[in-house]
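The primary structure of each chain is shown beneath.
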Amino acid sequence: MKKIKLLFVMLFVLSSLASAQEKLLTIDDIFTPDPKTRTSIFNGKPTAGVRWLVDGTSYSQIQPGEGGSLGLYRVDAKTGKTTLFHDASKIETALAAAGLKAEDAKKLAVQPSFEFNKAQTATLLNSDNDLYFYDFSSGAAKRLTNNADEEKEADFSPDGKMVSFVRGNNLFVLDMTSGKETQITDDGSEKFLNGILDWVYEEELYGRGNKRGYWWSPDSSRIAFLRTDETPVQNFVVVNHQGAYQTIENTPYPKAGSPNPTIQLVMVELRTPRKMYAETSNYRPEDFLISRVAWSPDSKRVIYQAQNREQTFLDLNAADFQTGKTITLFKETSPAWVEAVDNPAWLKDGSFVWQSARNGWKHLYHFGADGMLIKQITSGDWEVRDLYGVDERNNFVYFSATAFDPIAPQIYRVKLDGSDLKRISTGISSHAASFNETFTHFVDTYSEPMTPAQTRLYRADGTLERVINENKVEVLLQYKLSKPEFLKVKTRDNFELEAMMIKPPNFDGSKKYPVMSFVYSGPHAPQVRNAWGSTTGMWYQMLAQNGYIIWVIDNRTASGKGTKSEYGLYKNFGETELKDLEEGVSYLKSLPYIDGARIGISGWSFGGYMTSYALTHSKSFKIGIAGGTVSDWSLYDSIYTERYMGTPQTNPEGYKKSSVLTAAKDLSGKLLLVHGAIDDNVHLQNTMQLVYELQKAGKQFDLMLYPTARHGVTNPVQVKHMRQMMTDFIMKNL
């Protein structure tokens, strides 16, 4: 009798587990944000906003407080003891005393992030286009500016005694003690920018979100800044149709082959203030980019990276502050292009660690202050992804790299002389690290395709110190999910393409399944990752539950397997990428459970280009969803496009062959075009011109526009609509 009861209990438990994992995903499940975390329920509650504090023993972290609102907390790294970083009521009271309205003071006091000074004892706050200063130790606040114009890109000097900002495209410095405001430049206007980057420099050189175009010297005595002349650049108009009358955005946007902004590097002695222009006479103004700027540790030289507009070389230059004279420390070249990576990581003796892909793989090099190579630190058929810094006391360099697996970056350290290379992260999936300033510990973020981001604290040698957040997401256990499979597809020339497949959870090898493939395909932008895929990954799972095999593959130029793997696309976008994608299709068709007549393709941005290119240059795909499409590379910005394609003037045949517009008449398969109506990056112009060419050729297609959306659709209501629309299109046509 006992045995029968035990058997019944076991069967009941197994039955409960099975039923618990039988739920099917819906669009609402995936794309309705959790009101508490403001993200998908499937992401769980990942650790957010970790930032090491200067003491090296604690970090700040954004987390929910009372009532669920996000707040900033101080966390003891080893013990996990958490305290409020600041007393919001004190900040609120101090700001109100400084003249801020009560409701504005309260809003600023409870914000989850702050612009700290270097010592992390004070912060800058912006309200109604004016700056306020708050001292955490004294609890005092004061108003710094009081005028109608907005202060942008505000920052503390390294010693915390001054504040810098850009107003009206002019650069200003304010003395914190006296309150005296010094205007560094006076020629700022709509066409002349001082200390702030224009659209194309931000987007393609310094990185989206990095608008600051000035840099303090380490000793706080000087500032270097970029002066940008937009006069040669033609404006592009973006129209927002919401409201009774349209809102017009008129932004300088250099298209491929058209004039770029001209640039000057200016250095200022704040005590004088004396201006010194870096000597750049070796470069023609119309053929000259400054892709990075930094000061030398002694504050005597500005180190800047200079390139021609097609970026076929990179000069690491040093401009003397006293004379402006520039010397070239060394020149980077390649068989195709050179992409700027980062500034030098300086050592105390004036030497530096440099990231370079000069041998076809991005590795670390140790250079002397004179630009002479001391030692190549890392080497091999793998690449460095991120340089975290140098621990000079123990002679270690810390970085992430793909030495273990190209689809799962890991954390490493190596001696400065290249010896004792060691992987200090564990597991087979993806890692990212944040080190404290003393390099005794790092916070590691780890995820897998079926495991949302987890956070742990490690010692510098890779020994686990503490689990910060295991982030177990129980809701995932309720759904019928398939574990992604990672594969390698050998090409015609034995290159191994990385791929990921998700099969339906009730997969039956005797059946034939349609395939929906997803691509990006742009240079050095791998999409196959041994990592958590968030809402996109869950949408893939939903499609798999509906009977589709999901296929993600990286063509070689997108693979991240060294810059040498990218060179095949040089001056000819589309052709090499499509050949590799079709190698993937051939592999799929060789599998007995694939319906080779029902293969779809989808992508956004470069992936949108690749999708529309594939449907006009191949007959391998039954359907395609092309979002944010570049339909002709002469319509995209100069710096990105010319890096890979040259200019339309020097490479007319390459632009013609790479165009989707010229091949619209050859459309094969059902095409859905999707675009943000106010996309200021890949302009709606691209899709509209493709629409016209398809219409002239008598080709039918589907089109969906998203008002208020830019290059990505981010409004949760529109995101949900878009994913439902895409799902319906796939299920109807594939």
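Residues numbered from 1 in each chain as written. Predicted model: local features only at pLDDT ≥ 70, side-chain atom pairs only at ≥ 80, totals over all residues. Heavy atoms only, no water.

## Structural notes on the packing of aromatic side chains
- All told, the structure shown has 51 aromatic pairs when counted by the stated rule.
- Between phenylalanine 236 and tyrosine 253, the ring centres sit 6.3 Å apart and the planes meet at 50°, which makes this aromatic pair tilted. Of this pair, phenylalanine 236 sits in strand 16 (residues 235-240) while tyrosine 253 is found in the loop between strand 17 (247-252) and strand 18 (262-269), placing the two residues 17 residues apart along the sequence. There is no split in this pair, since phenylalanine 236 and tyrosine 253 are both buried.
- Ring geometry for phenylalanine 606 and tryptophan 633: centres 5.5 Å apart, planes at 40°, overall tilted. You can see phenylalanine 606 sitting in helix 8 (residues 606-617) and its partner tryptophan 633 sitting in the loop between strand 41 (623-627) and helix 9 (638-645), a full 27 residues away along the chain.
- Since its relative accessible area comes to 1%, tryptophan 633 is described here as buried.
- One aromatic cluster is present, built from ring pairs that chain together Trp337, Tyr520, Tyr567, Tyr570, Phe573, Phe606, Tyr609, Tyr613, Trp633, Tyr636, Tyr640 and Tyr644. (Phe/Tyr/Trp six-rings, centres within 6.5 Å; stacked < 30°, edge-to-face > 60°. Helix = DSSP H or I, 4+ residues; strand = E, 2+ residues; numbered from the N terminus. Buried < 20%, exposed > 50% of the residue type's maximum accessible area, 1.4 Å probe, protein only.)

## Describing the sheet that holds strand 43 (residues 702-706)
- Taken in spatial order, the eight strands make up an open sheet running 36-37-39-38-40-41-42-43, and their pairing is mixed. Since the sheet does not close on itself, it has two edges, and those belong to strand 36 (485-490) and strand 43, each with one partner. Recorded for the sheet is a direction-independent mean angle of 20° between the axes of neighbouring strands. (Pairing = 2+ DSSP bridges. Axes fitted to C-alpha atoms, helices over the stretch in contact; angles between N-to-C directions.)

## A few points about the confidence of the model for the chain
- Confidence along the chain averages 94 in pLDDT terms, with 96% of residues attaining 70 or more.
- Between residues 11-17, whose pLDDT stays under 50, and residues either more than four places distant or in other chains, the model counts zero contacts. (pLDDT = per-residue confidence, 0-100. Contact = heavy atoms within 4.5 Å.)

## What to know about the domain arrangement of the chain
- For the chain, the assigned domains are domain 1 (156-343) and domain 2 (484-733).
- On a C-alpha basis, the centroid separation for the pair domain 1 and domain 2 is 35 Å.
- Contact with domain 1, which involves 29 residues of that partner, is made by 32 residues of domain 2.
- Around 2600 Å² of area is buried between domain 1 and domain 2 when both sides are counted, 54% of it from carbon and sulfur atoms.
- Seen at the junction of domain 1 and domain 2, the total is three salt bridges.
- The set of elements that each furnish at least two residues to the side of domain 1 that touches domain 2 consists of helix 5 (199-206) and strand 16. (Domains from an automatic or database assignment. Buried area = accessible area lost by both parts, 1.4 Å probe. Salt bridge = Lys/Arg side-chain N within 4 Å of Asp/Glu carboxyl O.)

## Focus on the pairing of strand 23 (residues 326-333)
- Note: strand 22 (residues 313-320) against strand 23, seven bridges, orientation antiparallel. From the neighbouring strand, alanine 318 faces strand 23, where its bridge partner is isoleucine 327.
- Hairpin connection, strand 22 to strand 23: the antiparallel pair is bridged by five residues, and glycine 324 has positive phi, about 80°.

## Comments concerning the sheet that holds strand 31 (residues 422-423)
- An order of 28-29-30-31 is seen for the four strands of this open sheet, with the pairing classed as antiparallel. Lying at the two open borders of the sheet, with one neighbouring strand each, are strand 28 (384-391) and strand 31.
- Inspection of the sheet shows strand 29 (residues 396-401) paired to strand 30 (residues 410-415) by six bridges, in the antiparallel sense. Paired with tyrosine 398 across the bridge in strand 30 is arginine 413.

## Re the pairing of strand 38 (residues 513-518)
- Burial analysis of strand 38 places six of its six residues in the buried class, which makes it a mostly covered element.
- Residue alternation in strand 38 divides its side chains into two sets, Tyr513, Val515 and Ser517 and Pro514, Met516 and Phe518, and both sets are buried.
- Examined bridge by bridge, strand 38 and strand 39 (residues 549-553) share four bridges and lie parallel to one another. What sits directly across from valine 515, in strand 39, is isoleucine 549.
- Between the parallel pair strand 38 and strand 39, the chain is carried across by helix 6 (residues 534-545), and the sense of this crossover is right-handed. (Right-handed = clockwise from strand over helix to strand, strands pointing away.)

## Observations regarding helix 12 (residues 716-733)
- Along its 18 residues, helix 12 runs 26 Å from first to last C-alpha, staying within 8% of the 26 Å computed at 1.5 Å per residue.
- Those residues of helix 12 not exposed but buried are Gln718, Val719, Met722, Arg723, Met725, Met726, Thr727, Phe729, Ile730 and Asn733.
- Two or three places before valine 717, at the opening of helix 12, asparagine 715 has a side-chain oxygen 2.9 Å from that residue's backbone nitrogen. (Expected span 1.5 Å × (residues − 1). Polar contact = N/O pair within 3.5 Å; in protein donor to acceptor, adjacent residues only side chain to side chain.)

## Brief notes about the side chain of serine 612
- With respect to the secondary-structure elements, serine 612 resides in helix 8.
- Residue classification places serine 612 among the buried positions, given a relative accessible area of 1%.
- Within the structure, the side chain of serine 612 is placed 3.0 Å from the backbone oxygen of tyrosine 609, a separation counted as a polar contact.

## Some points on the side chain of histidine 441
- Here histidine 441 lies in strand 33 (residues 441-448).
- There is a polar contact of 2.9 Å between the side chain of histidine 441 and the side chain of glutamate 465.
- Aside from chain neighbours lying at most four places away, what touches histidine 441 is Trp52, Lys78, Ser434, Phe435, Asn436, Leu457, Tyr458, Arg459, Ala460 and Glu465.

## Overview of unusual backbone geometry
- Phi at serine 534 takes a positive value of approximately 55°, unusual for a residue other than glycine.
- With respect to the element layout, serine 534 can be found in helix 6.
- Not every positive phi belongs to a glycine, and lysine 571 is a case in point at roughly 65°.
- Tracing the backbone shows lysine 571 in the loop between strand 39 and helix 7 (575-589).
- Relative accessible area serves as the criterion here: at 30%, lysine 571 is assigned to the partly exposed category.

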